[in-house]
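What follows is each chain in one-letter form.
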Amino acid sequence: MVSFTILAGGYTSFVVSYLFNSDTNALSVLNQSPTGPNPSWISLHPTNRSVLYAVNEDSNGGLQSFLIGQNGVLSGPMDSISSGGDSPAFTTPLSTGQVAIMNYNSGDGQIVPTQQGNPLEFMSDFTHIKFNAPVSHPHMALQHGNEVFVPDLGADKVWRLVEDGGPGNFIVQGQIDQPSGSGPRHIAVRGNTLYTLHELASTLTQQAIPSAPNGTTGPLIANFSILPEGLPQGAAMAGGEILLTEPTLKFPEPLIYVSNRNTGVQDPRGDAIAIFRVEPKLELLTHVFTGLDQIRGMEFGGPENEFLIASGVAGSAGTIMLKRTDGGRNLELLTRNLEIPTRTSFVWL
């Protein structure tokens, strides 16, 4: 039996542990671990896979660390710290041992150092980061070289942060402007190319990363709608998540998968995942309908990232497991678990 343990955050006060058996295609709930309020986004330490970070997406936002035990049971929180703002929707650890957290509602964030040799303990020596825009909704952080890119859904920019004087002290050195009103939500980087999923415009764009700090932002290389055909009248669409997979033996080309979120009249087919090829140029391949309601989180795992777990933030369609087929150009639904109606982010252990 080949089994995988997967943790899932959500708008509850617990993190769920799932067990996926790839021989029988069974997805079951192992346990629920109590946390602070709304651990909507969870992230695994890059080198110590027993350490998990979780946001508390609340008006008094927080960041927590947990120790992962057998069957995905969490011990802790081992440490907690304020996010310094309202409704942190994303956290991710950096390769330097620091942990980024971004506050969606208050337009700010921080990059928190951890204790040397103990990534469970947060340090208090850091600088709060405020994004200078009339409206700011930072929604993600992605390390790229010595910079941290932060897509801002409210400001229509990708901010460029750099460390200034030591761990925990970051400044905005520039930005990469995005189309007005597009609402950049999440991003992926491949080489010197930036792929941006725009929530408000429901588009996927491609552009060259200009030289730091700002460079010259040229015209977009590509700008695609991610919407499927045949949406019902009254549908209200928004982009959700973007995942980029690199070539492997079984999946020989780089591909991008983006999720749609319908906040209006629901499609009986559920929300769709759009699949794009990357080379020789960005091209929409297909849409795969999932039966889910507002796919906020999805994550690849297993050998060669063969499997994709996903869930909706609304409704009662549960969590699904899909399998990549046709060299990754399509997805096959393997199973659905209805025990927990909604989830918003995933980590494969």
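Residues numbered from 1 in each chain as written. Predicted model: local features only at pLDDT ≥ 70, side-chain atom pairs only at ≥ 80, totals over all residues. Heavy atoms only, no water.

Visitor: Even after reading the chapter, I still don't get the packing of aromatic side chains, so can you show me in this structure?
Guide: Each aromatic ring pair is characterised by the separation of its centres together with the angle its planes make. In this structure the tally under the stated criterion is nine aromatic pairs. With 5.0 Å between their ring centres and 35° between their planes, W41 and F90 make a pair best called tilted. Here W41, found in the loop between β3 (26–34) and β4 (42–44), pairs with F90, found in strand β8 (residues 88–93); they are 49 residues apart in sequence, far enough to count as distant. Judged by its relative accessible area of 9%, W41 is buried. Taking relative accessible area as the criterion, F90 reaches 6% and is therefore assigned buried. Arranged with centres 5.6 Å apart and planes meeting at 70°, the rings of F224 and F276 form a pair that is edge-to-face. Of this pair, F224 sits in strand β20 (residues 222–225) while F276 sits in strand β23 (residues 272–277), placing them 52 residues apart in sequence. Taking the relative accessible area as the measure of exposure, F224 reaches 26% and is therefore partly exposed. With a relative accessible area of 0%, F276 lands in the buried category. One aromatic cluster is present, formed by F4, F20, F307 and W348 through successive ring pairs. Looking at R324, its charged tip hangs above the ring of F251, at a distance of 3.9 Å from the centre. The ring centre of F300 lies 5.1 Å from the NZ or CZ of R324, which sits over that ring. (Phe/Tyr/Trp six-rings, centres within 6.5 Å; stacked < 30°, edge-to-face > 60°. Helix = DSSP H or I, 4+ residues; strand = E, 2+ residues; numbered from the N terminus. Buried < 20%, exposed > 50% of the residue type's maximum accessible area, 1.4 Å probe, protein only. Lys NZ or Arg CZ within 6 Å of the ring centre and 35° of its normal.)

Visitor: Can you help me understand the sheet that holds strand β7 (residues 74–82) in this one?
Guide: Here four strands make up an open sheet; going across it, the order is β4-β5-β6-β7 and the pairing antiparallel. Strand pairing shows two members of the sheet lacking a second neighbour, β4 and β7, which therefore form its edges. On average, each strand axis in the sheet is tilted by 25° relative to the strand beside it, whichever way the strands run. Both strand β5 (residues 51–56) and strand β6 (residues 62–68) contribute to a ladder of six bridges, which runs antiparallel. Bridged to N56 within β6 is G62. (Pairing = 2+ DSSP bridges. Axes fitted to C-alpha atoms, helices over the stretch in contact; angles between N-to-C directions.)

Visitor: Sorry, what's going on with the pattern of salt bridges here?
Guide: Where charged atoms from two side chains of opposite charge approach closely, those side chains can pair. Tallied over the full model, the rule gives 13 salt bridges. As a salt-bridge pair, R190 and E246 come within 3.0 Å of each other at their nearest N and O atoms. Residue R190 is located in strand β17 (residues 184–190), and its partner E246 is located in the loop between β21 (237–245) and β22 (255–262); the two are separated by 56 residues in the primary sequence. Residue classification places R190 among the partly exposed residues on the basis of a relative accessible area of 22%. Taking relative accessible area as the criterion, E246 reaches 40% and is therefore assigned partly exposed. For the salt bridge of E253 with R329, the shortest nitrogen-to-oxygen distance reads 2.6 Å. (Salt bridge = Lys/Arg side-chain N within 4 Å of Asp/Glu carboxyl O.)

Visitor: Help me understand the sheet that holds strand β29 (residues 345–348) in this model?
Guide: Backbone-to-backbone hydrogen bonds pair the strands of a sheet. The strands run either parallel or antiparallel. The strand order across the open sheet built from four strands is β3-β2-β1-β29, with neighbouring strands paired in antiparallel fashion. This sheet does not close on itself; its edge strands, each paired only once, are β3 and β29. With strand direction ignored, the average angle separating the axes of adjacent strands in the sheet is 25°. Bridge analysis of strand β1 (residues 3–9) against β29 gives four bridges, and the strand direction is antiparallel. Considered in β29, the bridge of A8 is made with F346.

From the geometry alone we can't say anything about function, so treat these as descriptive.
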